Each structure stands twice: as C-alpha cells, then as structure tokens.
Amino acid sequence: MSDEVRNIFDRVGTEIEENLFWVRSSNSKKYGYFNNTLRHVIEFSYDRVSSFKDGLAIVSVNGKWGAINSHGEYVIYPIFEYLGEFSDDVAIAKVGNKYGCINTNGSWILEPRFHYLSDLKNGLLRFDKDGGSGYYNKFLIDLTGKKILSFTDWIYSNPGCNLLALYRRISNRFDDVEKNAYLYNLNLKKIGNYSFDSIGNHFVKGFIPFLKDERLGVISTNGEVILYPTFEIGDLIIYRLHLG
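### What about the sheet that holds strand β9 (residues 82-83)?
Consideration 1: In space, the four strands of this open sheet follow the order β9-β10-β11-β12, with antiparallel pairing throughout. One side of each edge strand has no neighbouring strand; the edge strands of this open sheet are β9 and β12 (108-114).
Consideration 2: Of the pairings in the sheet, the one linking strand β11 (residues 98-103) to β12 comprises three bridges and is antiparallel in character. In the strand pairing of β12, Ile102 is matched with Trp108.

Structure, rendered in structure tokens:
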C-alpha cells in the first residue's frame, strides 16, 4: 500500500463483502468505502458505517441511520434514530423513542410501539418492556409482536428452524435454573425427551451439535439423537460428517 493511499484514511474496516471495506478519511473524519484493489468507490459522506452484509451497509448521517447498496445509493434513507443490521431481510429500527422492525424496502413489518428491542435472530427478538435491570418484564417475541416466552420463566437459546433450546427457571434467583435444556417449538411444546447441557449456535441441514457431560453429540430438528455424546469437545468429526 503506497504512502499516498495510506495517508487518505486513518481507520480501516477488517471485513470485506461485495469487494468493499469501509475507511475513514484522515481529513474530514467521514467514512466511505474502497474496493479490494484500493479504488475509492463510495465517497466519504457518512458519520458512522457498518461493513456490507448481504449487499447492504448501515450508515449514519447527521445522527440519523439508513442503508446503502454497493453503489453508494440509498436503499433506505437515513431517517431512523437507530437501525440494526439486517437478518433474513429484517432489521430493528427506532423512530422517535419507539422500536419496531423494517424490511429491506424500509417498510414496517413490526410497528414501532416497543420500549426496546434487541437480539434479532431467526425471526425472533427480545422485547424489554420497561428498560429495567434483571429479567423481569422481558420477553421473546416474534415478528407479529406475539409473546413466545417470558424471561422470568425461561432462559433460551435460538438455533433456528422455529425451535428453541430452553432452560426452565426454578426460582426468582437469576442463576437458579434447571441443569439441562430441551428442544421446544414456538408453542413451547417439547420436541423429544432428550436433554443436554448446551447446544450449538444454529442448525445446519437439520442437525446441530450439543454438549452433555463435557461430550459432544448431534441432535436433529425432531429431537432425535443422531450421535450420542461420546465425542470429546475437540473432535471435529461431527461437523465433517453431519454438519457439512
């Protein structure tokens, strides 16, 4: 990298998608984007930016957030007080003092009527009713606003495929929960009868690794154990054979 190019910017993004990465101008302190041949392709126009993901980058101008495509064109004009990254073409957005969810056209799919929303994943997100500490008045909801569960009753993991790994709370103490988790559907019906200590981040091809008594196994979306937990944690054969 030449000194001439290096002197243009003082901060550089580490993630490259669409052959683009963000940079910050040394002079204006505004952000723009270079491509992987170090050609300046999107002007230094933004106060804050994200890396590109699925063809979109989240950008801020004058305290408002929107989204651009890889040509630097606004897909969503910066009108929001907050705009999160898109997950399956849905993002959390804030207008005024309320949160909701929008699609990649900027249209509301969950109206902005919530005190606080976070952790959007697999079409589910956390709803904080009053902003208090602890887990009271906090819920897991879907994109219609329907409450799936209350954090006063459950601790959850969201691996996808419309399934949850749930630990039931035993008392009001934060850490007083059942040792083992089970798979449940979104109606909180248990899927299978096999319990585990923890589960992987997401299902792949209908399978997911789980941990029980410090051993790895594999379970399917119907709760069937495909490989019982006989593998040590460092053994990657599970991923190679069953998770692609």
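### Digging into empty space enclosed by the protein
Consideration 1: Applying the stated criterion to the full structure yields two cavities of 30 Å³ or more.
Consideration 2: Approximately 60 Å³ is the volume found for the largest cavity.
Consideration 3: Partitioned by chemical class, the residues of the lining of the largest cavity number four nonpolar, two polar and three charged.
Consideration 4: In this model, the second largest cavity occupies a volume close to 40 Å³.
Consideration 5: Taken together, Lys53, Asp54, Leu56, Phe86, Ser87, Asp88, Asp89 and Thr104 form the lining of the second largest cavity.
Consideration 6: A class-by-class count of the residues in the lining of the second largest cavity yields two nonpolar, two polar and four charged.

### Overview of the nonpolar core
Consideration 1: With 14 residues, the main nonpolar core has Leu183, Phe196, Ile199, Phe210 and Ile219 as its most contacted residues.
Consideration 2: Elements with a contribution of two residues or more to this core: β18 (163-168), β19 (181-185), β20 (190-196) and β22 (207-212).

### Let's talk about the layout of surface pockets
Consideration 1: Taken as a whole, the largest pocket spans an internal volume of roughly 250 Å³.
Consideration 2: Around the largest pocket, the lining is made up of 18 residues, and of these Glu85, Phe86, Ser87, Leu120 and Lys121 lie nearest the centre.
Consideration 3: The leading source of residues in the lining of the largest pocket is strand β13 (residues 116-121), at six residues.

### As for the sheet that holds strand β3 (residues 31-35)
The pairing of strands in a sheet comes from backbone hydrogen bonds and takes either a parallel or an antiparallel form.
Consideration 1: The antiparallel open sheet is built from four strands, whose spatial order is β1-β2-β3-β4. With partners counted over all chains shown, the strands left at the sheet margins are β1 (9-12) and β4 (40-46), one partner each. Recorded for the sheet is a direction-independent mean angle of 30 degrees between the axes of neighbouring strands.
Consideration 2: In this structure, β3 lies alongside β4, joined through three bridges in antiparallel fashion. Residue pairing in the sheet places Tyr31 in a bridge with Tyr46 of β4.

### Regarding the side chain of Asn35
Consideration 1: Looking at the secondary structure, you find Asn35 in strand β3.
Consideration 2: Within the structure, the side chain of Asn35 is placed 2.8 Å from the side chain of Thr37, a separation counted as a polar contact.

### Overview of the packing of aromatic side chains
Consideration 1: Enumeration according to the criterion identifies 16 aromatic pairs in this entry.
Consideration 2: Ring centres of Phe21 and Phe34 lie 6.4 Å apart, and the angle between their planes is 35 degrees; this geometry places the pair in the tilted category. With Phe21 in strand β2 (residues 20-25) and Phe34 in strand β3, the pair connects residues that are 13 residues apart, well separated along the chain. Each member of the pair, Phe21 as well as Phe34, carries the same accessibility label: buried.
Consideration 3: Centroid distance Phe80 to Trp108: 5.8 Å. Interplanar angle 85 degrees. Geometry classified as edge-to-face. Pair noted here: Phe80 is in strand β8 (residues 74-80) and Trp108 is in strand β12, with a separation of 28 residues, a long-range link.
Consideration 4: Phe80 sits in the buried class, given a relative accessible area of 3%.
Consideration 5: The rings of Phe9, Phe21, Phe34 and Phe44 are connected pair by pair, giving a single aromatic cluster.
Consideration 6: The lysine or arginine in question, Lys190, covers the ring of Tyr182, its NZ or CZ lying 3.9 Å from the ring centre.
Consideration 7: Between Lys212 and the ring centre of Tyr194, over which it is positioned, the NZ or CZ distance is 4.5 Å.

### Some words on the environment of Ala67
Consideration 1: With respect to the helices, strands and loops of the structure, Ala67 is situated in strand β7 (residues 64-68).
Consideration 2: For Ala67, a relative accessible area of 0% gives the class buried.
Consideration 3: Linking Ala67 and Thr104, residues 37 residues apart in sequence, is a C-alpha distance of 8.7 Å.
Consideration 4: Excluding its chain neighbours within four sequence positions, the residues that come into contact with Ala67 are Ala57, Ile58, Val59, Glu73, Tyr74, Val75, Ile76 and Leu83.

What counts as what
- Residues numbered from 1 in each chain as written.
- Predicted model: local features only at pLDDT ≥ 70, side-chain atom pairs only at ≥ 80, totals over all residues.
- Heavy atoms only, no water.
- Pairing = 2+ DSSP bridges.
- Helix = DSSP H or I, 4+ residues; strand = E, 2+ residues; numbered from the N terminus.
- 1 Å grid on protein atoms, 1.4 Å probe; cavity = no way out; pocket = protein on both sides within 12 Å on 5 of 7 lines; lining within 4 Å.
- Points joined across faces, edges and corners; volume = space filled by probe spheres on them.
- Nonpolar A, V, L, I, M, F, W, Y, C, P; charged D, E, K, R; others polar.
- Core = buried A, V, L, I, M, F, W, Y, C linked by side-chain atoms within 4.5 Å.
- Buried < 20%, exposed > 50% of the residue type's maximum accessible area, 1.4 Å probe, protein only.
- Axes fitted to C-alpha atoms, helices over the stretch in contact; angles between N-to-C directions.
- Polar contact = N/O pair within 3.5 Å; in protein donor to acceptor, adjacent residues only side chain to side chain.
- Phe/Tyr/Trp six-rings, centres within 6.5 Å; stacked < 30°, edge-to-face > 60°.
- Lys NZ or Arg CZ within 6 Å of the ring centre and 35° of its normal.
- Contact = heavy atoms within 4.5 Å.

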